[in-house]
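So you can see what is in the structure, the chains are spelled out below.
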Amino acid sequence: MSVPDYMQCAEDHQTLLVVVQPIGIVPEESFFRIYKRISAVSQVNVRDSQRVLYIRYRHHYPPENNEWGDFQTHRKVVGLITITDCSSAKEWPQTFEKFHLQKEMYGSTLYDSRLFVFGLQGEIAEQPRTDVAFYPSYDECETVEKRIEDFIESLFIVLESKRLDRATDKSGDKIPLLCVPFEKKDFVGLDTDSRHYKKRCQGRMRKHVGDLCLQAGMLQDSLVHYHMAVELLRSVNDFLWLGAALEGLCSASVIYHYPGGTGGKVGSRRAQGGSLSTEAGNRHRPGALTSNGINADTSAEIGRAKNCLSPEDIIDKYKEAISYYGKYKNAGVIELEACVKAVRVLAIQKRSMEASEFLQNAVYINLRQLSEEEKIQRYSILSELYERIGFHRKSAFFKRIAAMQCAAPSIPEPGWRACYKLLLETLPGYSLSLDPKDFSKGTHRGWAAVQMRLLHELVYASRRMGNPALCVRHLSFLLQTMLDFLSDQEKKDVTQSLESYTAKCPGTMEFITLPDGLKLPPVPFTKLPIVRSVKLLNLPTSLRPHKMKSLLGQNVSTKSPFIYSPIIAHSRGEERSKKIDFQWVQGDVCEVQLMVYNPMPFELRVENMGLLTTGVEFESLPAALSLPAESGLYPVTLVGVPQTTGQITVNGYHTSVFGVFSDCLLDNLPGVKTNGCTVEVIPALPRLQISTSLPRSAHTLQPSSGDEISTNVSVQLYNGETQQLVIKLENIGTEPLEKLEVTAKTVNTKEKLYGDFLTWKLEDTLSQFPLKPGKIATFIVNIKVKLDFSCQENLLQDLSDDGISVSGLPLSSPFRQVVKPRVETKPINPQESSKVGDFSHVKTLEAIMNFKYSGGPGHVEGYYRNLSLGLHVEVEPSVFFTRVSTLPATSTRQCHLLLDVFNSTEHELTISARNNEDLILHAGECQCMAIQVDKFNFENFPESPADGTQFANTKQLEEERQQAKGLEINSKLDIWEASVEGVLNQLVLEHLQLAPLQWAGRGRSYGISNAWFATTSIWYLLLESSGDTKYWVCRSLLYFLSNISSV
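Residues numbered from 1 in each chain as written. Predicted model: local features only at pLDDT ≥ 70, side-chain atom pairs only at ≥ 80, totals over all residues. Heavy atoms only, no water.

A.B. asks: Sorry, what's going on with the overall build of the protein here?
C.D. replies: Secondary structure assignment for the protein yields 30 helices and 33 strands. Looking at the protein as a whole, 48% of its 1047 residues qualify as buried. Put simply, 74% of the contacts in the protein that link residues at least 6 apart link residues at least 24 apart. In the form shown here, the protein has an accessible surface area of approximately 52,200 Å², with 51% of it arising from carbon and sulfur atoms. (Helix = DSSP H or I, 4+ residues; strand = E, 2+ residues; numbered from the N terminus. Buried < 20%, exposed > 50% of the residue type's maximum accessible area, 1.4 Å probe, protein only. Contact = heavy atoms within 4.5 Å. Areas by Shrake-Rupley, 256 points an atom, 1.4 Å probe, with all protein chains shown as cover.)

Set out below in structure tokens:
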């Protein structure tokens, strides 16, 4: 026997072998359809008996294996079923002749045979025959299963007769010597009358009867015969048949201990229903043997426990039997099959290490020169057995060898499809999966070098199959999952191969379905480049939407009546972690920043890189980038435009690298930091762009609120100068601009402003609204700088240092000298120190104009935008009032205000005063000018400590009163629209204040009584008054006394 049956298992020893073969030309599909129905009848309960017959079907069986039927009866073909097509009566004789020729092939061992004829109708088909069944077609054959059951019953009748015939000792008859084919020549010339020869014959016959009893469903009887055969054969050292008896004993014991079978999904031929009850009945069934010194009830004589081997003894007997088989070169197939059966038993017993020893022995069994197909089958079965005992890597090793045999050079037409299929089956054994998601979890599993070799073989097999899509998929998988283990040269080689394949068939994100139904998932290049962080960016400050306060809170909804719920709190916490606290605007370009780096040793070109989003219709604007070799973290900004409103979620990005299109999801990127992935898209808003008539400023304003200024402009003005700022408002968006509000605030300045710094008329601009897209409106702002014109303290000090009197009421000289700067404040640069007015410094005023605008659908939803314009004004000094004093006028209600005016500019100035002539001042010149003014009451300052309780002390109260007086003077004098608050002293303020009592004399006709009455009244007022009032009463009294002294 030269062809091993790798599907053999221990329970096959109780089966009857039936061969099903076609005769003539039979469609393969039709044949296997009938074969499947026939093989479904694998066990039959014997009529009027508790025994069960088990049938093993084969559609191909080598005739030389049939010659070993006496050695082990389950190898003998006892039944033949042939299937043929016969469409006419003329073909019938030839068909029937072929049937007889087919029977002659297995004629020496056949118990019975059947012929199934399909397609023949008429007189011949109507003749009743036992061995032939006629059917009109393959679809009209309902009685096939019934015919098979009848056929099996006929086989049982023959089997039972042979068993009884062999088991019965006929006196005077010699027991024939059963031989295997290679033994026949060795027994020529032996003494057949010797005791040794007779024991040999008797032992072999006992073993043969044990096989027949096992096939006939008599388990206990077979155990008895096997035990007796073992004793007889051991005594004569008949090792080959002793091994067969031991194997039979093991098979019977396995059938008893493991009624479910040991073949697993492949080799099991036992039905789960009905087997156990039948076996239980057979174990206590009275024996049928009545001769050779064996009692009729064998169970009572020997006992079941003694006859049946224990699970441990089964393996020991298998080892002994295999050692006996190993003594015979021609018994290699028997030895190999015994190893396979033992491994299946050990797999059930979960004794993997012992099973591996049997398999290792099976690997080194030397058989004849096997064909390539037989080698493939052998390695495949070894792989399956190693898989069953848990040796996954060893299983993958043999399956890979089987795959290589499919494409061996000696095969004229290599089976690359079979090779590819077997290679796929080896992947789990090497901890390899074709799903890239399995490689993103934790550390790498398995031997990377072996895995890369296997992936290269898959690529080669795919190419030989003529499937470039598979080549691209496997190369992509190799590059994605094994990138960390590839050398620099290997990375270059793999990428070059990948580019050559993608030139013919680009890589996609579609599943690839193989012919056997297996689907290969797509392989996104999440490592080319590697992404470390993803950040959704807010819109620029000028484009960020804001919610109107009047509409805030309208969309707030409470989904639960409870104040706190842990479930809701947990879900809201997850939402907050994913949702971002800013909004995007429909129709505006939105940005997402990725931090990436290139792990390749060469420049990496990434094309068609864009965003993957859900929830809102989104137009992704793809980008292309080139990353240098092994670059560090590199920022990449991906942009897109949301076309609708709602919640948008950024799920990932897509790329095209080496011709492979990839959709990389953030959930599949390990170690990626993100600030959230969901943002709200609000309705569209207009976009406003401003341009001004002033140049841009190098000074960037930083408001306290943290907002950014979109545009900064600057201008230089003299103190008191007014300039017009023209602002052009252009709608560069797609929505009409319907609403505009303008506000301004002064920032970062300590200077006191007098009057309005910025003024405008918004009505003129709003008359041009709504401003359609692309249109421009004009907005005019008046800039008026009006600071304090008083001379500062350092200037007064400079004047004193130069010997000029700056205090006292009388003005002795017109003071036309040029004031020089102090030595301490002179700059280092001598050229700058020579300039006139170096003692004064340029003051800075900064203001921010906010343009709050809205329109379109966003305005309906209550959103607006802010655009800020920064204004930087440098105020240069124009004139200074260095000293202010007063002189009495002819009327007590008036006085003369004396002002020293200093021109600090480099230009000639003309000073105009009300009801006075113009005063011309040259650069650096100081002159005095007198102005007659009306005295007035101070109204806007605290009068008593009770009114100033908010001040810390009396000094602070006095400073506040002084400041209020200065404001009153500035507001009522309106001299050149300039402030002189800084040079006012207490004496000047007293002279400008109107006396609370006024006297008017009428000639000199005062009487003594009137004078006395007036004097008494004045003294009474003096005693009752206090503070400033008392001062003015005293002055009035003195004035009155001086007037009446002449009376």
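A.B. asks: Just checking my understanding: could you explain the environment of R378 for this structure?
C.D. replies: Secondary-structure assignment places R378 in helix α16 (residues 372-388). With a relative accessible area of 11%, R378 lands in the buried category. The spatial distance from the C-alpha of R378 to the C-alpha of V363 is 9.1 Å, given a sequence separation of 15 residues. In this view, R378 contacts Y6, A362, V363, I365, L367 and L370; residues no more than four positions away in its chain are not counted.

A.B. asks: Got a minute to help me understand the packing of helix α15 (residues 352-363) against α16 in this structure?
C.D. replies: The geometry of a pair of packed helices is captured by two quantities: the angle between their axes and the separation between those axes. Put simply, α15 and α16 touch, their axes get as near as 11 Å, and they point 170° apart. For the element pair α15 / α16, the angle class is roughly antiparallel. Mapping the contact onto sequence places S356, L359, Q360, A362 and V363 in α15 and R378, L382, L385 and Y386 in α16. Per-class residue counts for the contact of α15 with α16 are 6 nonpolar, 2 polar and 1 charged. (Axes fitted to C-alpha atoms, helices over the stretch in contact; angles between N-to-C directions. Parallel < 35°, antiparallel > 145°, perpendicular 65-115°, else oblique. Nonpolar A, V, L, I, M, F, W, Y, C, P; charged D, E, K, R; others polar.)

A.B. asks: What is the right way to look at the side chain of S904 in this model?
C.D. replies: Mapped onto the elements of the fold, S904 is located in the loop between β30 (894-903) and β31 (909-911). Of note is the side chain of S904, whose polar atom sits 3.4 Å from the backbone oxygen of P877. Separated by 3.1 Å, the side chain of S904 and the backbone oxygen of S878 make a polar contact. (Polar contact = N/O pair within 3.5 Å; in protein donor to acceptor, adjacent residues only side chain to side chain.)

A.B. asks: How do you make sense of the confidence of the model for the protein when you look at a structure like this?
C.D. replies: Predicted coordinates in areas of low pLDDT are best not read in detail. On average, residues of the protein score 80 in pLDDT, and 76% of them are at 70 or above. Low pLDDT, under 50, characterises residues 265-303; the stretch is placed with 85 contacts to residues that sit more than four places away or in other chains. The model gives residues 551-559 a pLDDT under 50, and that stretch makes 5 contacts with residues more than four places away or in other chains. (pLDDT = per-residue confidence, 0-100.)

A.B. asks: Can you help me understand the sheet that holds strand β29 (residues 879-888) in this one?
C.D. replies: Strand pairing in a sheet relies on backbone hydrogen bonds. The paired strands run either parallel or antiparallel. Ordered in space as β29-β30-β33, the 3 strands form an open sheet in which the pairing is antiparallel. Since the sheet does not close on itself, it has two edges, and those belong to β29 and β33 (926-934), each with one partner. Each adjacent strand pair in this sheet contributes to an overall mean axis angle of 25°, direction not counted. Relative to β33, β30 is paired through 9 bridges, and the arrangement is antiparallel. The residue bridging C895 from the neighbouring strand is V933, located in β33. (Pairing = 2+ DSSP bridges.)

A.B. asks: For this particular structure, what's the right way to read the environment of R445?
C.D. replies: Residue placement: R445 occurs in the loop between α18 (416-426) and α19 (448-465). In the structure, R445 is positioned 14 residues away from S431 in sequence and 6.2 Å away in space, judged by C-alpha atoms. Contact partners of R445, with chain neighbours within four places excluded, come to S431 and Q451.

A.B. asks: Teacher, can you tell me more about the packing of helix α13 (residues 311-325) against α15 here?
C.D. replies: Axis separation between α13 and α15 bottoms out at 12 Å; the angle between their running directions is 15°. Accordingly, the angle class assigned to the pair α13 and α15 is roughly parallel. Of the two possible hands of crossing, α13 and α15 adopt the one that is left-handed. Across the interface between the two elements, I315, Y318, K319 and I322 from α13 touch E354, F358 and N361 from α15. For the contact of α13 with α15, the residue count by class is 4 nonpolar, 1 polar and 2 charged. (Left-handed = near helix turned anticlockwise from the far one by under 90°.)

A.B. asks: I would appreciate a short explanation of the sheet that holds strand β21 (residues 688-692) in the present structure.
C.D. replies: Read from one edge to the other, the open sheet built from 4 strands follows the order β21-β23-β26-β25, with strand pairing classed as antiparallel. Unpaired on one side and paired on the other, β21 and β25 (758-760) mark the two borders of the sheet. Taken pair by pair, the neighbouring strands of this sheet meet at an average axis angle of 30°, ignoring direction. Bridging between β21 and strand β23 (residues 722-731) involves 5 bridges; their strand directions are antiparallel. Counterpart to Q689 in the pairing with β23 is E730.

A.B. asks: When you look at unusual backbone geometry in this model, what are you seeing that I'm missing?
C.D. replies: The general pattern is negative phi for most residues beyond glycine and trans for most peptide bonds. Cis peptide bonds are those with omega within 30 degrees of zero, and the linkage from L528 to P529 qualifies with -5°. Counting through the fold element by element, P529 comes out in the loop between β8 (519-520) and β9 (530-536). Here the residue pair F769 and P770 is connected by a cis peptide bond, since its omega of -5° sits within 30 degrees of zero. Position of P770 among the secondary structure elements: in the loop between α23 (762-766) and β26 (776-784). For S431, which is not a glycine, the phi torsion comes out positive at approximately 55°. When you line up the elements, S431 lands in the loop between α18 and α19. When its relative accessible area of 25% is taken as the criterion, S431 is described as partly exposed. Notably, E630 is not glycine yet its phi reads approximately 50°, a positive angle. Along the chain, E630 turns up in the loop between β15 (623-627) and β16 (634-642).

A.B. asks: Can you walk me through the side chain of N850 in this structure?
C.D. replies: Structurally, the position occupied by N850 is in strand β27 (residues 843-854). In this structure the side chain of N850 is engaged in a polar contact, spanning 2.8 Å, whose partner is the side chain of S868.

A.B. asks: What should I look at first to understand the packing of aromatic side chains in this one?
C.D. replies: One pair of aromatic rings is described through two measures. These are the centre distance and the angle between the planes. Counting across every chain of the model gives 24 aromatic pairs. Seen in terms of ring centroids, W92 and F134 are 5.2 Å apart; in terms of plane orientation they differ by 55°. Their pairing is tilted. Of this pair, W92 sits in helix α3 (residues 92-105) while F134 sits in strand β6 (residues 132-135); the two residues are 42 residues apart in sequence, bridging distant segments of the chain. Owing to a relative accessible area of 11%, W92 belongs among the buried residues under this scheme. Accessibility expressed as a relative area gives 14% for F134, which makes it buried. A connected cluster of aromatic rings, assembled from ring pairs, spans W68, F71, F182, W241, Y325 and Y328. Taking the ring centre of W447 as reference, the NZ or CZ of R393 above it sits at 4.3 Å. (Phe/Tyr/Trp six-rings, centres within 6.5 Å; stacked < 30°, edge-to-face > 60°. Lys NZ or Arg CZ within 6 Å of the ring centre and 35° of its normal.)

A.B. asks: Looking at this structure, I do not really get the environment of D663. What am I missing?
C.D. replies: With respect to the helices and strands, the residue D663 is situated in strand β18 (residues 660-665). Between the C-alpha atom of D663 and that of T526, which follows or precedes it by 137 residues, the distance is 8.5 Å. Leave out the neighbours within four places in its chain, and D663 touches M509, P524, L612, Y653 and H654.

A.B. asks: What should I look at first to understand the pattern of salt bridges in this one?
C.D. replies: Two side chains bearing opposite charge may form a pair once their charged atoms approach each other closely. Within this structure, the stated rule accounts for 27 salt bridges. A salt bridge links E153 to R47; the shortest N-O distance between them is 3.0 Å. Of this pair, E153 sits in helix α5 (residues 144-167) while R47 sits in the loop between β2 (43-45) and β3 (52-58), and the two are 106 residues apart along the sequence. For K375, the salt bridge is made with E372, and the minimal N-O distance between the two is 4.0 Å. Of this pair, K375 and E372 both sit in helix α16, separated by 3 residues, roughly a single helical turn. Under the relative-accessibility criterion, K375 is labelled partly exposed at 22%. Salt bridges sharing common partners tie together E183, R200, R204 and D238. (Salt bridge = Lys/Arg side-chain N within 4 Å of Asp/Glu carboxyl O.)

A.B. asks: How do you make sense of the pairing of β18 when you look at a structure like this?
C.D. replies: Note on strand geometry: in a regular strand, side chains alternate between the two faces of the sheet. Burial along β18 is one-sided: the face carrying V660, S662 and C664 is buried and the face carrying F661, D663 and L665 is not. Sheet topology note: the strand β17 (residues 646-657)/β18 ladder contains 6 bridges and is antiparallel. Bridge pairing in β18 places H654 opposite D663. Between β17 and β18, which pair antiparallel in sequence order, lie 2 residues; one of them, F658, sits at a positive phi of approximately 55°.

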